[in-house]
Amino acid sequence: MNRVICVAIVLTLVLLSRRVPERWRGLWLLALGVLLGQSVEASGWQTGWDAHAISQGILYLLLPPLALEMAFRLPLRRLTRIWPYLVPQALLSFFAAVTALALALYWGIDHWGFPWLSALVAGVLLAATDPGHCIALLGQRRQLLTWLEGEGALVDALALTLLVTLWSLESTEQWSSGAGLTMLGWTLLGTGAGTLLGLGLWRLLRAWDWQAPLWLLWGWWVYLATELWLGGAGLAALLLAVLVLRRRPGVAAPTLTYGPVLAEALVVLLGFTLTWSMFSERYWAMGLGILAAWGARWLSLLPWVVLPGLPMRASDRRLWLLAPSRGPITLALVLALPTELPAWWTVQSIAFGVILFDLVCLRTWLSLHLARAPR
């Protein structure tokens, strides 16, 4: 019962905060989450939500609707015109950022309790891009927003596929024996099977009235079946299935409005889970993560920012470098980290530090800059 009460409190705080101006809402929700967490700790109230329960709840309850809304939100017509530039940029930037982040964290922390596997997981998490926290701010910048949403969809699907594989490993030494590549192959196979399952389920029930509740239920089943039974990446399977279905005649995009509420609930949850010990014991790792994530993002984007012929305005290219790139899906993946991961608390602390930097510094700067900039 305490878990239900806790969820109700978080959702109520989010709904009551909708009147706060968009530019300050993230900071407000974060502060509410911190205040709620400190109040619970001081009162000794047992919420029933430990690290494992939060991880499972985020992974299997919140990620499916977030992924479904992201898939239906993608502007396919505009993406069709830029995909020859977008796909190589997203893939090359992602792998360059993962490599730079993993190396920087592994060498920078240099501790036997922080293995290479943990550095790789942290690199994948922080290299995943998601514009969810700046969509409302960039509403007038359609060209930039289209690029960020396309990049986020491709990278998030790839990141979750890699994370599912990495979470199943005991150490990176398994890659040398071929076990890691075998697991990656099974993950891709399971993802493809999940996509086919989703398409088959839609075909079986296509005569029904497909409104938002039915799409949500369909998305949950596709995601859960792929993750739990087929061994694939549910987010990737769901995204692929939706993209295929959107090209079929007669498939209308549902009106999905729960994404912003869930995204803001995750910000409250972030504040709720923050502890003073993270800053007192892992401040050096958090600082290193912020510098590495910021530097990796810049270095991976700079060759594309200066590329002649890139279909993006000069003003948008500058914003592209500074826009917060860790959104609600990235935050959900961080909160869903399995506690069995070596040094999981250090990885989570690093990711929390980077997300806080995005929310508090980059998002605030972006909102103030856009308020002054001419439309």
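What counts and how
- Residues numbered from 1 in each chain as written.
- Predicted model: local features only at pLDDT ≥ 70, side-chain atom pairs only at ≥ 80, totals over all residues.
- Heavy atoms only, no water.
- Salt bridge = Lys/Arg side-chain N within 4 Å of Asp/Glu carboxyl O.
- Helix = DSSP H or I, 4+ residues; strand = E, 2+ residues; numbered from the N terminus.
- Buried < 20%, exposed > 50% of the residue type's maximum accessible area, 1.4 Å probe, protein only.
- 1 Å grid on protein atoms, 1.4 Å probe; cavity = no way out; pocket = protein on both sides within 12 Å on 5 of 7 lines; lining within 4 Å.
- Points joined across faces, edges and corners; volume = space filled by probe spheres on them.
- Nonpolar A, V, L, I, M, F, W, Y, C, P; charged D, E, K, R; others polar.
- Phe/Tyr/Trp six-rings, centres within 6.5 Å; stacked < 30°, edge-to-face > 60°.
- Contact = heavy atoms within 4.5 Å.
- Core = buried A, V, L, I, M, F, W, Y, C linked by side-chain atoms within 4.5 Å.
- Axes fitted to C-alpha atoms, helices over the stretch in contact; angles between N-to-C directions.
- Parallel < 35°, antiparallel > 145°, perpendicular 65-115°, else oblique.
- Left-handed = near helix turned anticlockwise from the far one by under 90°.

**Q** Looking at this structure, I do not really get the pattern of salt bridges. What am I missing?
**A** Side-chain pairs of opposite charge can arise whenever the charged atoms involved come near each other. Enumeration according to the criterion identifies 9 salt bridges in this entry. In this structure, R141 engages D316 in a salt bridge whose closest nitrogen and oxygen atoms are separated by 3.1 Å. Taken together, the residues span a long stretch of sequence, with R141 in the loop between α5 (116–127) and α6 (142–167) and D316 in helix α13 (residues 314–322) at a distance of 175 residues. In this structure, R141 and D316 share a single accessibility class: buried.

**Q** Would you take a moment to explain empty space enclosed by the protein for this structure?
**A** With a probe scaled to a water molecule rolled over the atoms, the places where space remains empty come into view. Under the counting rule described, the total for this entry stands at 3 cavities of 30 Å³ or more. Space inside the largest cavity adds up to approximately 90 Å³. For the lining of the largest cavity, the secondary structure elements donating two or more residues are α4 (76–109), α5, α6 and α12 (276–305). The dominant element in the lining of the largest cavity, judged by the number of residues it contributes, is α4, at 5 residues. Taken together, the residues of the lining of the largest cavity sort by class into 9 nonpolar, 3 polar and 3 charged. Lining the second largest cavity, in full, are W294, R297, L321, L322, A323, S325, R326 and L362. Of all the elements in the fold, those that place two or more residues in the lining of the second largest cavity are α12 and α13.

**Q** Explain the packing of aromatic side chains here, please?
**A** Aromatic ring pairs: the centre-centre distance and the angle between the two ring planes describe each pair. Across all of its chains, the model carries 9 aromatic pairs by this definition. An angle of 65° between the planes, with centres 5.3 Å apart, marks the rings of F94 and F95 as edge-to-face. For the pair W147 and W320, a centre-to-centre distance of 5.7 Å together with 65° between the ring planes defines the contact as edge-to-face. Residue W147 is located in helix α6, and its partner W320 is located in helix α13; the two are separated by 173 residues in the primary sequence. We classify W320 as buried; its relative accessible area is 0%.

**Q** Is there a simple way to explain the environment of L356 in this structure?
**A** Relative to the helices and strands, L356 is located in helix α15 (residues 344–372). In contact with L356, other than residues within four places in its own chain, are L30, L270, L274, F279 and C361.

**Q** I'm lost on unusual backbone geometry in this one. Help?
**A** Glycine aside, the phi torsion of most residues is negative, and most peptide linkages are trans. Phi is positive for D110, close to 45°, though the residue is something other than glycine. Structurally, the position occupied by D110 is in the loop between α4 and α5. Among the residues examined, D110 registers a relative accessible area of 63% and is labelled exposed. The phi dihedral of A343 is positive, around 60°, even though this residue is not glycine. With respect to the helices and strands, A343 occurs in the loop between α14 (328–335) and α15. Residue classification places A343 among the partly exposed positions, given a relative accessible area of 21%.

**Q** Please explain the nonpolar core as it appears in this structure.
**A** Side chains of nonpolar character tend, in soluble globular proteins, to be buried together. Core analysis: the biggest nonpolar cluster contains 121 residues, and L68, W215, W218, L235, L270 and W320 have the highest contact counts within it. The contact partners of L235, leaving out residues within four places of it in the chain, are L63, A67, M70, D156, A157, L160, Y223, E227 and I329.

**Q** How should I be thinking about the packing of helix α1 (residues 2–16) against helix α2 (residues 22–43) in this particular structure?
**A** Think of two packed helices as two axes; the pair is described by the angle between the axes and how far apart they sit. As a packed pair, α1 and α2 sit with axes 11 Å apart at the nearest point and diverge in direction by 150°. In terms of orientation, α1 lies roughly antiparallel with respect to α2. Our pair here, α1 against α2, has a crossing hand that is right-handed. When α1 is examined against α2, the residues I9, V10, L13 and V14 are found in contact with a partner set consisting of L29, L32 and L36. Its residues assigned to classes, the contact of α1 with α2 comprises 7 nonpolar, no polar and no charged.

**Q** Looking at this structure, I do not really get the environment of Y106. What am I missing?
**A** Assignment of secondary structure puts Y106 in helix α4. Owing to a relative accessible area of 33%, Y106 belongs among the partly exposed residues under this scheme. As a C-alpha pair, Y106 and L117 span 11 residues in sequence and 9.3 Å in three-dimensional space. Setting aside residues up to four positions removed in sequence, Y106 forms contacts with F114, P115, W116 and A119.

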